[in-house]
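Coordinate inspection notes
In case you want the letters, here they are:
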Amino acid sequence: YFLFIGSLFRRRNIPLMLEAFKKLVQKYKNFKFVIVGNDADAPPSIFSLIKLYQLETKVLHFDYIAESDLLAFIQAAFCFVYTSNYEGYGLPLIEALACGVPSIRSDAETLEEIAGNGAIKVFPLTVENLYETMIQLVEKTELRKKWSEKGLERSKMFSWTTAAGNVLKTIQDSAEKK
């Protein structure tokens, strides 16, 4: 399955993901799309689009997955999709990269900083471009392997040890300036 994790904010382009996925399952019927996140700010069209596109049996939505189960959901995914227009940070993308799940992202500045060349950038972000990227991953096993490895490599930049070291360095630099 393709996977998205996060609150269903308008900026996350979920209708675009659904439309690209709709095209994909016309050719490859065995795929599903799993959406994990609450719909507090979801465009009302998300759930009506699922119905309109006749994806009720193909799109699974969970408001919440327990933290203890979330890792298993990520690891089992075929591909992680994160097509936000902008993000504050984008932790789900880092988690997917760290699990070796090939990931597709938009060119949002934060996602560029996080994923760099560890995730496939879709630009410009259109239904057709996202669909083509998804199809490439389905049809080319070696491409999935390549992006899995690139994501794992990129994720090494992010660890609690690295974060703590950066905070300590910032504090030390700040203290030296006084």
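Preceding block: the structure.
Residues numbered from 1 in each chain as written. Predicted model: local features only at pLDDT ≥ 70, side-chain atom pairs only at ≥ 80, totals over all residues. Heavy atoms only, no water.

1. A short note on the pairing of strand β4 (residues 79-82)
For the record, the criterion: Think of it in three bands: with a 1.4 Å probe and only protein chains considered, a residue is buried below 20% of the maximum accessible area for its type, exposed above 50%, and partly exposed in between. Per the convention used, a helix needs a DSSP run of H or I reaching at least four residues, while a strand needs a run of E reaching at least two, with both numbered from the N terminus. By definition, two strands form a pair when at least two bridges between them are found by DSSP. For crossovers, right-handed means that the path from the first strand over the helix to the second runs clockwise, given strands pointing away from the viewer.
What you see with β4 is no split at all: C79 and V81 on one side and F80 and Y82 on the other are buried throughout. Across two bridges, strand β1 (residues 2-5) lies against β4 in parallel orientation. Bridged to L3 within β4 is F80. When β4 meets strand β5 (residues 103-105), the two strands line up parallel, connected through three bridges. Directly across from F80, in β5, lies its bridge partner S103. Each parallel crossover has a hand, and for β4 linked through helix α4 (residues 91-98) to β5 it is right-handed.

2. Observations concerning the packing of helix α1 (residues 14-27) against helix α6 (residues 127-139)
The packing of two helices is summarised by the inter-axis angle and the distance between the axes. Applicable threshold: Here, axes are lines fitted to C-alpha atoms. For helices the fit covers the stretch in contact, and angles between N-to-C directions go from 0 to 180 degrees. Note on angle classes: values under 35 degrees are labelled roughly parallel, values over 145 roughly antiparallel, values of 65 to 115 roughly perpendicular, and the remainder oblique. Crossing handedness is read from the near helix: turned anticlockwise from the far helix by less than a right angle, it gives a left-handed crossing, and turned clockwise, a right-handed one. Working rule for contacts: check all heavy atoms of both residues, and any pair within 4.5 Å makes them a contact. Note that Gly is not counted as nonpolar here; it falls among the polar residues with everything else outside the nonpolar set of Ala, Val, Leu, Ile, Met, Phe, Trp, Tyr, Cys and Pro and the charged set of Asp, Glu, Lys and Arg.
It is at 9 Å that the axes of α1 and α6 come closest, and there the two elements cross at 45 degrees. As judged from the angle between their axes, α1 and α6 are oblique. Here the hand of the crossing between α1 and α6 comes out right-handed. Contacts between α1 and α6 involve L16, M17, E19, A20, F21, K23, L24 and K27 from the former and V127, E128, L130, Y131, M134, I135, V138 and E139 from the latter. Its residues placed into classes, the contact of α1 with α6 shows 11 nonpolar, no polar and five charged.

3. Quick word on the side chain of T133
Counting through the fold element by element, T133 comes out in helix α6. Not counting residues up to four positions away in its chain, the partners in contact with T133 are I104, I120 and V122.

4. Observations concerning the nonpolar core
Just so we agree on the cut-off: Only buried Ala, Val, Leu, Ile, Met, Phe, Trp, Tyr and Cys residues count toward a nonpolar core, and they belong to the same one when joined by side-chain atoms within 4.5 Å.
Counting residues in each nonpolar core, the largest one holds 55 residues, and the members touching the most others are F2, L18, F21, L24, F33, L130 and M134. Top element by residues in this core is α1. It accounts for eight residues. In contact with L130, other than residues within four places in its own chain, are L16, M17, A20, V81, T83, I104 and V122.

5. Comments concerning the sheet that holds β1
A sheet is described by the order of its strands in space; here six strands give the open sequence β3-β2-β1-β4-β5-β6, paired in parallel fashion. Where the open sheet ends on each side, the last strands, each with one partner, are β3 (59-62) and β6 (120-121). Two elements, β1 and strand β2 (residues 33-36), share four bridges in a ladder whose sense is parallel. Within β2, the position partnered with L3 by the bridge is V34. Strand contacts of α4: β1, β4 and β5, with the helix running at about 160 degrees to β4, the strand carrying the most contacts. Contacts from α6 reach β1, β2, β4, β5 and β6 within the one sheet, and its direction differs from that of β5 by about 170 degrees.

6. Re the packing of α6 against helix α7 (residues 141-155)
The interhelical angle for the contact between α6 and α7, taken along N-to-C directions, is 105 degrees, at an axis separation of 5 Å. Classified by the angle between their axes, α6 and α7 sit roughly perpendicular to one another. When α6 is examined against α7, the residues Q136, L137 and E139 are found in contact with a partner set consisting of T141, L143, R144 and W147.

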